[in-house]
Amino acid sequence: AGLALARIRAIRESEGDLIVLVDDDTVLDPDYVDRSRSIMTEHPYLGAIGGQLIPEYELSSLPLPEEQYYRFLALRKFTGNHWSNSPHDFNTSPLGGGMVVRRAVALKWADEANSSSWRKALGRSGNKLFGGEDVDLLSTCCAMGFGKGIFEQLKLTHLMPAHRLTPEFLVRIFEG
């Protein structure tokens, strides 16, 4: 049915004060949840956080320069901690997989998304490589008066199978 609908369902089924969005191609570091909890406790004004998405490539040599994959796939390496309350500041925006969201923010977004046909259509479904539900969630976060941020100590591995490393796949992502 699509990623946005799956996330809406997961949010409604969850019970904790913090919700961690984990995709099928991401592997959290063993201390990810504990560190996330500490960060959110230390920074009660943040509604969503994320970390570094370190690629693990299935291929031993890449068909394109590595920076091309960082531009189009959900990959991110950085130093330091960065946050803001601007929904348009990409440099402080956590990316989908590994995003940690306060329950109040997640529920507000789920309610708004579920009552909007265009919002329900966000996110990947089938062969469609369209995204955006994570950006929409961050907009909700900022509209509620919370900030968002990325933290160096939060790390996860983003598994990159061979079919996602082709120039053709990157073109499809760009078109989406």
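Scroll up to find the structure.
Residue numbers here run from 1 along each chain, matching the order of that chain's written sequence. Reporting of local features is limited, given that this is a predicted model, to residues whose pLDDT is at least 70; pairs of side-chain atoms are given and counted only at 80 or more, and all residues count toward the totals for whole chains, interfaces and linings. Excluding hydrogens and water, the side-chain figures rest on all heavy atoms present in the structure.

What's the story with the pattern of salt bridges in this structure? I'm lost.
Pairing between side chains becomes possible if they bear opposite charge and their charged atoms approach one another. What counts as a salt bridge is simple: a side-chain nitrogen of Lys or Arg found within 4 Å of a carboxyl oxygen of Asp or Glu. For the coordinates displayed, the defined rule picks out 8 salt bridges. The closest approach of N and O atoms between Asp23 and Arg7, which form a salt bridge, is 2.7 Å. Taken together, the residues Asp23 in the loop between strand S1 (18–20) and strand S2 (26–28) and Arg7 in helix H1 (residues 3–13) connect sequence positions 16 residues apart. Any residue under 20% of the maximum accessible area for its type is buried, any over 50% is exposed, and the rest in between are partly exposed; the area is computed with a 1.4 Å probe on protein chains only. Taking relative accessible area as the criterion, Asp23 reaches 22% and is therefore assigned partly exposed. Under the relative-accessibility criterion, Arg7 is labelled buried at 6%. Between Glu112 and Lys108 there is a salt bridge, and its shortest N-O distance comes to 3.3 Å. Taken as a pair, Glu112 and Lys108 lie in helix H4 (residues 103–114) at a separation of 4 residues, close to a single helical turn. Overall, Glu112 belongs to the partly exposed group, its relative accessible area being 24%. Through salt bridges that share partners, Arg7, Asp23 and Glu133 make up one connected network. Where helices and strands are cited, they refer to DSSP runs of H or I of at least four residues and of E of at least two residues respectively, numbered from the N terminus.

Help me out: how do you make sense of the layout of surface pockets in this one?
Taking a probe equal in size to a water molecule and rolling it over the atoms shows the remaining empty space. Cavities and pockets were defined on a 1 Å grid built from protein atoms only: a cavity is a group of points that admits a 1.4 Å probe but offers it no way out, a pocket is an open group of points flanked by protein on both sides within 12 Å along at least five of seven lines, and a lining residue is one with an atom within 4 Å of any such point. Grid points are joined across faces, edges and corners, and a volume is the space filled by probe spheres set on the points. Quantified by volume, the largest pocket comes out at close to 1,100 Å³. Ala74, Arg124, Gly131, Asp134 and Ile173 are the residues nearest the centre of the largest pocket, which is lined by 44 residues in total. Contributions of two or more residues to the lining of the largest pocket are made by H1, helix H3 (66–72), helix H6 (133–143), strand S6 (147–160) and helix H7 (167–175). Classification used: nonpolar for Ala, Val, Leu, Ile, Met, Phe, Trp, Tyr, Cys and Pro, charged for Asp, Glu, Lys and Arg, polar for all others including Gly. Its residues assigned to classes, the lining of the largest pocket comprises 19 nonpolar, 13 polar and 12 charged.

Sorry, what's going on with the side chain of Ser36 here?
Note on placement: Ser36 falls in helix H2 (residues 32–42). Those residues in contact with Ser36, other than ones at most four positions away along the chain, are Ile49, Val100 and Leu154. Contacts between residues were defined by any pair of non-hydrogen atoms, one from each residue, lying within 4.5 Å.

Shape is all these values report; function is a separate question.
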